[in-house]
Each structure stands twice: as C-alpha cells, then as structure tokens.
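Listed below are the residues making up each chain.
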Amino acid sequence: MQDDDLDRVLSREEDIVPSSGFAGNVMDAVRSQASAPPPIPFPWGRSIPGLAAALGLLLVVAVRFGSGSEAPAGNAALLVKALEAATTFGVGWIALALFASFVSVALSMRLAGGRR
Amino acid sequence: MDDAGWSYPARSRVKASEDEADVEAVLAGEIEAFERIVRRWQGPLVNLAWRFCRDRARAEEMAQEAFLRAYRALNRWRKDAAFSTWLFALATNLYRTELRRIPAWTVPLGEAAEARDPRPIDGGLEDQDRASAVRSAMLALPSKYREVLILFYFHDMDVGATARSLNLPEGTVKARLSRGREILRRKLPHWLGAPHMKEA
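Just so we're clear, the structure is a prediction, and the values are computed from it rather than from any experiment.

1. Let's talk about the overall build of chain B
Along the backbone of chain B there are 9 helices and 0 strands. For chain B, the N- to C-terminal ordering of α and β elements is α-α-α-α-α-α-α-α-α. Sorting the 200 residues of chain B into buried and exposed places 37% on the buried side. Summarising the internal contacts of chain B: among those between residues at least 6 apart in sequence, 67% fall at separations of at least 24.

2. Describing the overall build of chain A
For chain A, the count of helices and strands is 5 helices and 0 strands. In sequence order, the secondary structure elements of chain A are arranged as α-α-α-α-α. Here chain A holds 116 residues, and 8% of them are scored as buried.

3. Side note on the interface of chain B and chain A
Taken together, the contact pairs 37 residues of chain B with 28 residues of chain A. Sorting the residues of the side of chain B that touches chain A by element identifies helix H2 (33–53), helix H3 (56–72), helix H6 (123–139), helix H7 (143–154) and helix H9 (170–187) of chain B as the ones contributing at least two each.

4. Comments concerning H7(B)
Structural remark: α-helix, 3.6 residues per turn; residues separated by three or four positions point the same way. All names here are of chain B. The terminal C-alpha atoms of H7, which comprises 12 residues, lie 16 Å apart, in line with the 16 Å expected from a rise of 1.5 Å per residue. Counting buried positions along H7 gives 10 out of 12 residues, so the element sits mostly inside the fold. Restricting attention to buried positions, one finds in H7 the residues Tyr145, Arg146, Glu147, Val148, Leu149, Ile150, Leu151, Phe152, Tyr153 and Phe154. One or two positions beyond H7, positive phi appears at Asp156, with a value near 50°.

5. A few points about helix H4 (residues 75–89) of chain A
Residue and element names in this part refer to chain A. For H4, which comprises 15 residues, the first-to-last C-alpha distance of 21 Å matches the rise-based estimate of 21 Å (1.5 Å per residue) to within 8%. Burial analysis of H4 places just 0 of its 15 residues in the buried class, which makes it a mostly uncovered element. Positive phi shows up at Gly90, right after H4, with a value of about 65°.

6. Structural notes on the confidence of the model for chain A
Counting all residues, the mean pLDDT for chain A is 81, and 85% of those residues have values of 70 or more. Element-level pLDDT for chain A is lowest in H4(A), with a mean of 77, against a maximum mean of 94 in helix H2 (residues 22–35) of chain A.

7. What to know about unusual backbone geometry
Residues and elements named next belong to chain B. Its identity as a non-glycine residue notwithstanding, Arg54 has a phi of 55°, on the positive side. Relative to the elements of secondary structure, Arg54 occurs in the loop between H2 and H3. By the C-beta count within 10 Å, which is 15 here, Arg54 ends up partly exposed. Non-glycine residue Asp156 carries a positive phi angle of around 50°.

8. Details of the environment of Val26(A)
Summarising the element assignment, Val26(A) is placed in helix H2. Residue contacts for Val26(A): discarding those within four places in its chain leaves Val38(B), Gln64(B) and Phe67(B).

9. A word on the packing of helix H4 (residues 83–101) of chain B against helix H8 (residues 159–166) of chain B
All names here are of chain B. Between H4 and H8, the least distance of the axes is 7 Å, while the angle of their chain directions is 55°. Here H4 lies oblique to H8, going by the angle between them. Across the interface between the two elements, Thr85, Phe88, Ala89 and Thr92 of H4 pack against Arg164, Ser165 and Leu166 of H8. Along the lines of polarity and charge, the residues of the contact of H4 with H8 split into 3 nonpolar, 3 polar and 1 charged.

10. Overview of the nonpolar core
All names here are of chain B. Core analysis: the largest hydrophobic core is formed by 53 residues, its most contacted members being Leu45, Ala49 and Val134. No other element matches the 11 residues that H2 contributes to this core. Looking at this core, you find at least three residues from each of domain 1 (8–101) and domain 2 (109–191). The residues contacting Ala49, other than those within four sequence positions of it, are Ala59, Met62, Ala63 and Tyr95.

Criteria and thresholds
Residues numbered from 1 in each chain as written. Chains lettered and ligands numbered in written order. Predicted model: local features only at pLDDT ≥ 70, side-chain atom pairs only at ≥ 80, totals over all residues. Helix = DSSP H or I, 4+ residues; strand = E, 2+ residues; numbered from the N terminus. Buried ≥ 20, exposed ≤ 12 C-beta atoms within 10 Å, placed from the backbone. Contact = placed C-beta atoms within 7 Å. Expected span 1.5 Å × (residues − 1). pLDDT = per-residue confidence, 0-100. Axes fitted to C-alpha atoms, helices over the stretch in contact; angles between N-to-C directions. Parallel < 35°, antiparallel > 145°, perpendicular 65-115°, else oblique. Nonpolar A, V, L, I, M, F, W, Y, C, P; charged D, E, K, R; others polar. Core = buried A, V, L, I, M, F, W, Y, C linked by C-beta atoms within 7 Å. Domains from an automatic or database assignment.

This is the structure:
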C-alpha cells in the first residue's frame, strides 16, 4: 500500500456527532464544580513550628551520634551505632508498617483502577 | 449547531477571537460563557476521543473530562498559542493517559491485518474492507506510532499541529509517522497490489 492510499483511507474518517445532551452534561458538571467549596489548603502556617521542631530534633540526634564517640569511629563502628539506634527506636517495625501500608495502597489503587 | 463536516484548521482560524472573548468572560466569573466554548469544540473533541478509543460512550466521557480539565485550568492558558492548540494538547494528553490506563479494545496487530481475502468482489465493499483493515491495523500499532497517526490525520495531515498537540518535536513526529506507515504497509501486504480506491 502506498502512502497516498493510506492517506486517502485515514483522511476519510467518518465523524460522529456528539449526543444532544453532551454540552448540557458538561455544563452541569462545570456548574457543580464551580459551586463546590474550594479544596482546603494544606495548613503550612500551623505546620511550620512542628516541622521546625522535627528538624531541630534530627539535627540534635545527628550531632550527638556524630560527636559523642569516645573511640575513633570507623565505618564499622558507625554501622553498629546505627543498628543499635535502629533497634532502640523500633525501625524494623516502622519499616514493616510502611511496607504494609504501601502494599495496601498499591493494591487498592490497582483494584480501583481496573474497575470502571 | 451543526457539527457535521467541521474542519479543525478552518474552524480554529475563524473562532480564535471568539474563544479568547469567551475565556475572558469565564475568568471574569461568567460561567455560562464556557457553554459557548463547549458547543464550539464538542465535535472536534468528541471525534478526537472517538479516534483514540472507537467507543462512542467512552469518547463522550473522555471529552467531558477534557472540558472539565480545561475549565479548571483556563487561567493557565497563556495566549502564546491559539486556545484551540492549548485545548487540543490538553485533551490529547488526557486521552493518551486514559488509553494507557484502560486500553481500547483492539485486535492484535498480526490479526488486525488481512482479516479476509482482499480480492475485489464489489468496488464499494472493497473500499470498506480496505478502510476497515487499515483502521484496525492502525489501532493495533504500538501507542507511540498510533498516537502520531491519529493526530496527523485528525489535523488534516499538518505535522506542526500534530507536534504541538503531542508536545513533541516535528522531527520526532515525522520519524514516527514514517515508521508507523511502514509497519502498516508491512502488515497489509495484500492491499499493495489492489487498484486505487475511487475518489469520493
């Protein structure tokens, strides 16, 4: 088949006419969207003190772990310290909970996306 | 309003000033002005969606969503391009995403081509069969070629408009057009020797 043939066939596409209620349906959706209250913005103002406190705490922990060692800390010693801290704070459980949440959300989205 | 026989490039030239006035009215709070935009562009947007999915109900659903998104994003149209160009790029992006999420029903490319003996029995039927085979084969193409071909023919074979709708460089559009056509020719070998179709 030559390009000319392809052009003729694909250019002569039949058009469909939108159903009579199409514009009305779109405008109904637009009006309902326009009358809906605007989405609640994230309260950045209120969250700033909390975020600043968390950041400060993180810095304090980092400084303590970084400078509080009596012996010269090599890579192995740092790793041991990190593991000890992880055990103390229950990082394993937190990681497991995060993983379970991720799987749950991914599965829900997949199921919801597949159904239409 | 008569939507039959619309021509996208012609309409976009004629309606550009009306689009701009209506957009300004909507942004000033006159929601009803958006209805004029919807009535002006419902034909092209529904037809573009139809070419992507070949399902009338779904095409109207996708076009409605495109209009809603356009309404929400109206203040982001910067007027550096025609409103229609912006609208088509937005709709194309939405249709592509939708079709990737839930693909249109298509026959596999190998089965789409040459579904029956193409030897001429009747001129009209032959034309219909040929058109049907080509469209089926086009819908079964990998998405990057299919999208370019759909947009190219939708925009009356205007490479520039196709590139703007897909947000791709013109060179990429030309390369994909060429490759897409090549795949179609390879998949429709029996039509190669068939006599040319009659002019409409």
